Amino acid sequence: MEKRKTAMSDLVHLTLPSPDPEPVEGCAGCVELANVRDRARAGGDLTTVSDCNVFLRRHPQGHS
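Described in the following lines is the structure provided in the data block. Residue numbering note: each chain is counted from 1, following its sequence as written. Side-chain atom pairs in this predicted model are given and counted only at pLDDT of 80 or more, local residue features only at pLDDT of at least 70, and totals for whole chains, interfaces and linings cover all residues. To get the side-chain values, take all heavy atoms of the structure and skip hydrogens and water.

Some details on the side chain of H59
Here is step 1 of the chain: With respect to the helices, strands and loops of the structure, H59 is situated in the segment after α2 (46–58).
Here is step 2 of the chain: The class for H59 is buried, based on a relative accessible area of 15%.
Here is step 3 of the chain: Any two residues whose heavy atoms approach within 4.5 Å are treated as being in contact. If we skip the residues at most four places from it in the chain, H59 touches C27, G29 and C30. Where helices and strands are cited, they refer to DSSP runs of H or I of at least four residues and of E of at least two residues respectively, numbered from the N terminus. Whether a residue is buried, partly exposed or exposed follows from its accessible area with a 1.4 Å probe, protein chains only, as a fraction of its type maximum: under 20%, in between, or over 50%, in that order.

Next up, the structure:
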């Protein structure tokens, strides 16, 4: 009979979430994403908050 494993073998290391990205001044797309994110946070919709943060970080190849 095989011995059953009842605990994880390694520890799980979690990191703190990174701060919200800031919209680029003068970019209407960034401003809209930030507004949607603020409304979602006020309504407790953290999935949409996270999605908006991803879109802001990836918004058209950055604004370099």
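Brief notes about the pattern of salt bridges
Here is step 1 of the chain: Salt-bridge detection follows one rule: a side-chain nitrogen of Lys or Arg within 4 Å of a carboxyl oxygen of Asp or Glu. Using the criterion set out here, one finds two salt bridges in the structure.
Here is step 2 of the chain: The partner of D20 in a salt bridge is R41, and the shortest N-O contact between them spans 2.9 Å. Of this pair, D20 sits in the segment before α1 (28–42) while R41 sits in helix α1; the two residues are 21 residues apart in sequence, bridging distant segments of the chain.
Here is step 3 of the chain: D20 gets classed as partly exposed once you look at its relative accessible area, which sits at 27%.

So, the side chain of R37
Here is step 1 of the chain: Relative to the helices and strands, R37 is located in helix α1.
Here is step 2 of the chain: For this count, His and the chain ends are skipped, Lys and Arg are scored as positive, and Asp and Glu as negative. One buried charged side chain, R37, makes no salt bridge at all; its nearest oppositely charged neighbour is D20, positioned 4.0 Å away.

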